[in-house]
Each structure stands twice: as C-alpha cells, then as structure tokens.
Amino acid sequence: MNDVILIDAGTGNLRSVQKALENVGAKVLRTENPKDVVAGKKVVLPGVGAFGDYMAGLRARGLDEAVKEIVQRGAPLLGICVGMQAFFDVGEEMGKHQGLGLLRGQVARFAESLPVKIPHTGWNQLRVEKDTALFDGVRDEMYVYFNHSYYCQVQNPSDVLATTTYGITYTCAVANENIFGVQFHPEKSQAVGLRILKNFLEAA
C-alpha cells in the first residue's frame, strides 16, 4: 500500500521528487486535481519558488481546501521546502500572504545582517529534537541539502522535529500528528533523504 499522491501546484519541476519516491518503492500519482488529493491515502506536497505564488497556485486549483480535508481525515501529509512553509499561518515573501494555517507560525526572510550568504544553499547538519518514525535511523549531525531564503518561525515547540544552524538556529523539520514537513530537499539529500522518504511511506 505505497500509493502516494504528489501534489502539483504548477510552480516547479517535480520530477526529482517523483523519482526519489519511486526509488523507495512508492507508486506515485502526480496530480493537480483536488479530487485525487482528497482520495489519497498518503500525500506529498512539494514546493519551490515564492510563497505567495505557491499559495496562489494551490488556491487556483482548489488544492488548499483538498489538503485541509485530507489532514482532517487523518491521511499522512509530507510537505517539502515551500510545501512545508505553506503549512503555517502567514508567509512574508513579497508581502504578507495567508498560508494553510495547519500549524501556528510564520515564514520570514533570513536577516541581511546575518554573517552568511542568502539564500541558504548547500549541505548542512540536522539536530533531531524529538523521536518520530519519520526520522527513524536519522541521527544528529547528518547532512541534508537546503536551498531557501525564508524559514519557518514555529510558535509551538512541540511541532519542532529538527533544527539546523545557518547564521541562526531555526526549525528545519516539523511533525504534528499526521502532518510532517521538511525545509530541506530529501530528493537531493542522497541516502539520508531517501531514508526519510522511505520512513514516510512505512510510517504512513
């Protein structure tokens, strides 16, 4: 039962995410049809680009309400990069834009005063903050691949699954009941990323 719905909000190439899921045994249906999403048993919400454009793409297709419905039903949901950011209340990229409101918090830009280059692009280490099946076999100081200029300011500490440090220490993975999210790109994170995707399939 490894059928996975891969949501296409029309904002980027999802082929690498699809291939990574297939590599760990998933049968993937890539779709922008909210009816497919609502019927899904396991759902992945990937995203690239600007938060506002991404949310506009979801809403234009009715995918925002479909995601909320499957979460309420209890289907496992994994957000990747901007897909994780979309879980929160507000994104501040190019103005304030409403997110899905599944988790409390906002998405803010890294401060220009930080002594690091923005965007945060490349490999960085995880610090695992709590036990969950999604990170089974994933340990502190393992490296994953990032590419982003905005990060999630999480209001509820219990939602924080993992952090990383890049100028500041911030949340890079979240978990709340059937909702999971990673700021980094598991499809570009080699063995560690594939392990996380495989854990999602198995835990779900």
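Keep in mind that this is a model prediction, so the values were computed, not measured.

Cut-offs used in this document
Residues numbered from 1 in each chain as written. Predicted model: local features only at pLDDT ≥ 70, side-chain atom pairs only at ≥ 80, totals over all residues. Heavy atoms only, no water. Phe/Tyr/Trp six-rings, centres within 6.5 Å; stacked < 30°, edge-to-face > 60°. Helix = DSSP H or I, 4+ residues; strand = E, 2+ residues; numbered from the N terminus. Buried < 20%, exposed > 50% of the residue type's maximum accessible area, 1.4 Å probe, protein only. Core = buried A, V, L, I, M, F, W, Y, C linked by side-chain atoms within 4.5 Å. Contact = heavy atoms within 4.5 Å.

Topic: the packing of aromatic side chains
For step 1, the next point in the chain: What the rule picks out here adds up to seven aromatic pairs.
For step 2, the next point in the chain: Aromatic side chains Phe-110 and Tyr-151 sit 4.9 Å apart centroid to centroid with 25° between the ring planes, which places their arrangement in the stacked category. Here Phe-110, found in the loop between strand 7 (105-109) and strand 8 (120-125), pairs with Tyr-151, found in strand 11 (residues 150-154); they are 41 residues apart in sequence, far enough to count as distant.
For step 3, the next point in the chain: Phe-110 sits in the buried class, given a relative accessible area of 1%.
For step 4, the next point in the chain: With relative accessibility at 11%, the residue Tyr-151 sits in the buried group.
For step 5, the next point in the chain: Both rings, one in Phe-180 and one in Phe-200, keep their centres 6.3 Å apart while their planes meet at 80°; by these two values the pair is edge-to-face. A residue pair is termed long-range when its members are at least 10 positions apart, and Phe-180 in strand 14 (residues 179-182) and Phe-200 in helix 6 (residues 190-203) qualify at 20 residues.
For step 6, the next point in the chain: A residue is classified by how much of its surface remains accessible, and Phe-180, at 12% relative accessible area, is buried.
For step 7, the next point in the chain: Among the aromatic side chains, those forming a connected cluster through ring pairs are Phe-110, Tyr-151, Tyr-166 and Tyr-170.

What about the nonpolar core?
For step 1, the next point in the chain: One finds Ile-7, Leu-21, Leu-77, Phe-87, Phe-88, Phe-135 and Phe-184 to be the most contacted residues of the largest nonpolar core, which totals 70 residues.
For step 2, the next point in the chain: Those residues in contact with Phe-184, other than ones at most four positions away along the chain, are Ile-80, Cys-81, Leu-126, Phe-135, Val-144, Tyr-145, Phe-146, Cys-172, Ser-189 and Ile-196.

Details of helix 3 (residues 51-60)
For step 1, the next point in the chain: For helix 3, the complete set of buried residues consists of Phe-51, Gly-52, Tyr-54, Met-55, Gly-57 and Leu-58.
For step 2, the next point in the chain: Following helix 3 by one or two positions, Gly-62 has its phi on the positive side, about 75°.

Let's talk about unusual backbone geometry
For step 1, the next point in the chain: Cis geometry marks the peptide bond from Ile-118 to Pro-119, where omega comes out at 10°.
For step 2, the next point in the chain: Positive phi, normally seen in glycine, also occurs at Met-94, with a value near 55°.
For step 3, the next point in the chain: Along the chain, Met-94 turns up in the loop between strand 5 (90-91) and strand 6 (97-98).
For step 4, the next point in the chain: The phi dihedral of Gln-190 is positive, around 55°, even though this residue is not glycine.
For step 5, the next point in the chain: With respect to the secondary-structure elements, Gln-190 resides in helix 6.
For step 6, the next point in the chain: The exposure class of Gln-190 is exposed, given its relative accessible area of 57%.

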